[in-house]
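# Structural description and commentary
Okay, here's what each chain looks like letter by letter:
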Amino acid sequence: MRTRIAVMSAVVLLTSALATARAGQTRASPHATVSAGVGGADLSITYGRPYMRGRVIMGALVPYGRVWCPGADEATTLTTTKPLKMGDLTLAAGRYTLWMLPTSDVWTLVVSTQTGQWHTQYDPAQDLGRVELRKRALTVPVEQLTFAIGKDRSGTGGAITMTWETTEVSVPFTVVQ
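Residues numbered from 1 in each chain as written. Predicted model: local features only at pLDDT ≥ 70, side-chain atom pairs only at ≥ 80, totals over all residues. Heavy atoms only, no water.

Before going further, it helps to examine unusual backbone geometry. Positive phi is not limited to glycine here, since Asp 73 has a value of about 70 degrees. Positionally, Asp 73 belongs in the loop between strand S2 (41-48) and strand S3 (77-80). We classify Asp 73 as buried; its relative accessible area is 17%. (Helix = DSSP H or I, 4+ residues; strand = E, 2+ residues; numbered from the N terminus. Buried < 20%, exposed > 50% of the residue type's maximum accessible area, 1.4 Å probe, protein only.)

With that settled, the discussion passes to empty space enclosed by the protein. Take a probe with the size of a water molecule and roll it over the atoms, and the empty space left behind shows itself. Using the criterion set out here, one finds one cavity of 30 Å³ or more in the structure. Volume-wise, the largest cavity comes out at about 40 Å³. Considering the residues around the largest cavity, the lining is formed by Met 100, Leu 109, Leu 133, Phe 147, Ile 160, Thr 161, Met 162, Val 169, Ser 170 and Val 171. For the lining of the largest cavity, the secondary structure elements donating two or more residues are strand S8 (127-151) and strand S9 (157-175). Broken down by element, the residue count for the lining of the largest cavity peaks at six residues, all from S9. Each residue belonging to the lining of the largest cavity can be placed in one class, and the counts come to eight nonpolar, two polar and no charged. (1 Å grid on protein atoms, 1.4 Å probe; cavity = no way out; pocket = protein on both sides within 12 Å on 5 of 7 lines; lining within 4 Å. Points joined across faces, edges and corners; volume = space filled by probe spheres on them. Nonpolar A, V, L, I, M, F, W, Y, C, P; charged D, E, K, R; others polar.)

The computed volume of the largest pocket comes to approximately 330 Å³. Forming the boundary of the largest pocket are 17 residues, of which Leu 61, Trp 68, Cys 69, Gly 71 and His 119 lie nearest the centre. Residue classes in the lining of the largest pocket are distributed as 11 nonpolar, four polar and two charged.

Bridge count for strand S7 (residues 107-112) against S8 is six bridges, and the pairing is antiparallel. The partner of Val 111 across the bridge, within S8, is Gly 129. When S8 meets S9, the two strands line up antiparallel, connected through 11 bridges. What sits directly across from Arg 134, in S9, is Ser 170. Linking S8 back to S9 in an antiparallel pair, the connection comprises five residues, with Gly 155 at a positive phi of about 80 degrees. (Pairing = 2+ DSSP bridges.)

Next comes the structure, spelled out in structure tokens:
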């Protein structure tokens, strides 16, 4: 009986110590949320922001021809309070995860209905749909992965943009009224 109590006490202490150590850790990739009000909708993107740290990113760390989650740790999420239209894809108000299928020429945005998963747990059965991204080469590298939500001049739409290394990709959207 004493042995059992001693083992149980050791397990409780070890679990408590590990939880305390994890709580004090900082992430290698800090997390951020970008938000914007566009056309009466509140949009936000929550993601981990990895650094280049001297690494080659596109075509190496981010391999071409494989679906990739643009971020670190938990999968990158997009939340919208109103329906959005991206190309032929319509998103109802709600929460989604964002994935990308990069190639050396064409990039595709993949919107998934699955949320709450780690950035390595992509399930194609959960895809809402895909839309081609606009791609642009940057002359000055961007050290840390960055998302932005911009408004267009009409005020009823805008673009979601991701930049990292020397690549910028974006998708225009409109708010469905």
